[in-house]
Amino acid sequence: MELIQNTPDLSAYLAADEVIDHDHPRVRATAARLAADAADSYAYAQLAFEFVRDTIPHSQDSGDLRVTWRASDVLEQGTGVCYAKAHALAALLRAEDIPTALCYQRLADDDGDGHVVHGLVALRFNGAWHRQDPRGNKPGVDARFSLEGERLAWIPDPRSNEVDYPVLYAEPHPTVLSVLQAAPDRPSLWKTLPSAL
């Protein structure tokens, strides 16, 4: 699949905004702590990925009812769904000048009677985009950091009308952001998750 930037301006994938607020002191401090242990940008990207994947539980897995959407809040509260964790990873990567996009998949939902949009990121190294899924591993899910071929949590099955969306967004998709911001808690969010973009 060819990944497509929604804007040709690569600097848009380094920008800070209300959601990917890598200018926030908490994001800067976390990035600096991770960077201190990294020999280069590649090592930093892997450390940032593993930090978000492994130390910030997916709120569905942990049972946390809070809904986070701003990167600094995800880091402060230590919880988030896939979209929020993608926002946090994007902020940490952009904080160290690694162009990072938000991207999405359409997957069958857990009970198999519908679909849900899943969020992940793509980072740019050596002139190419590489998708990564910081959702968090659990039995049956084993996402890994890789620039040598994707190691995502899920591979969409076209027979089940699952889709890899090819567009790389510089900002969160408006549909995703609006449901995150409107949800008072995770059970409410689960009822309003988008089924397609």
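Conventions used here
Residues numbered from 1 in each chain as written. Predicted model: local features only at pLDDT ≥ 70, side-chain atom pairs only at ≥ 80, totals over all residues. Heavy atoms only, no water. Helix = DSSP H or I, 4+ residues; strand = E, 2+ residues; numbered from the N terminus. Rg over C-alpha atoms; globule rule 2.2 N^0.38 Å. Contact = heavy atoms within 4.5 Å. Areas by Shrake-Rupley, 256 points an atom, 1.4 Å probe, with all protein chains shown as cover. Lys, Arg positive; Asp, Glu negative; His and termini not counted. Charge placed at Lys NZ, Arg CZ, Asp CG, Glu CD. Buried < 20%, exposed > 50% of the residue type's maximum accessible area, 1.4 Å probe, protein only. Expected span 1.5 Å × (residues − 1). Polar contact = N/O pair within 3.5 Å; in protein donor to acceptor, adjacent residues only side chain to side chain. Pairing = 2+ DSSP bridges.

1. Details of the overall build of the protein chain
Within the protein chain, the secondary structure is distributed over seven helices and six strands. In the protein chain, the order of α-helices and β-strands from amino to carboxyl end is β-α-α-α-α-α-β-β-β-β-β-α-α. For 197 residues, the compact-globule estimate of 2.2 N^0.38 gives 16 Å, and the C-alpha radius of gyration of the protein chain, at 15 Å, lies within 12% of that figure. Referenced to the eigenvectors of the C-alpha coordinate spread, the extents of the protein chain come out at roughly 45 × 35 × 30 Å. Here the contacts in the protein chain between residues at least 6 apart in sequence split such that 62% fall between residues at least 24 apart. For the protein chain, the exposed area adds up to about 9,100 Å²; of that, 48% sits on carbon and sulfur atoms. Positive and negative side-chain charges in the protein chain, numbering 18 and 29 respectively, have mean positions lying 3 Å apart.

2. Some thoughts on the side chain of His 173
You can see His 173 is positioned in the loop between strand 6 (167-168) and helix 6 (174-182). Looking at His 173, the relative accessible area reads 13%, which means it is buried. Each residue touching His 173, except ones within four places of it in the same chain, is listed here: Tyr 104 and Leu 197.

3. Here's the deal with helix 2 (residues 41-55)
With 15 residues, helix 2 should cover 21 Å at 1.5 Å per step; its first-to-last C-alpha distance of 20 Å lies within 8% of that length. Among the residues making up helix 2, those that are buried are Tyr 44, Ala 45, Ala 48, Phe 49, Phe 51, Val 52 and Arg 53. Residues of helix 2 that are buried in the fold lie against helix 1 (25-35), helix 4 (71-77), helix 5 (82-95), strand 3 (115-125) and strand 4 (128-132). The distance from a side-chain oxygen at the start of helix 2 to the backbone nitrogen of Tyr 42 is 3.2 Å, and the residue carrying that oxygen is Asp 40.

4. A look at the sheet that holds strand 3
Here four strands make up an open sheet; going across it, the order is 4-3-2-5 and the pairing antiparallel. The sheet is open, and its two edges are formed by strand 4 and strand 5 (163-164), each paired on a single side. Bridge count for strand 3 against strand 4 is five bridges, and the pairing is antiparallel. What sits directly across from Arg 124, in strand 4, is Trp 129.

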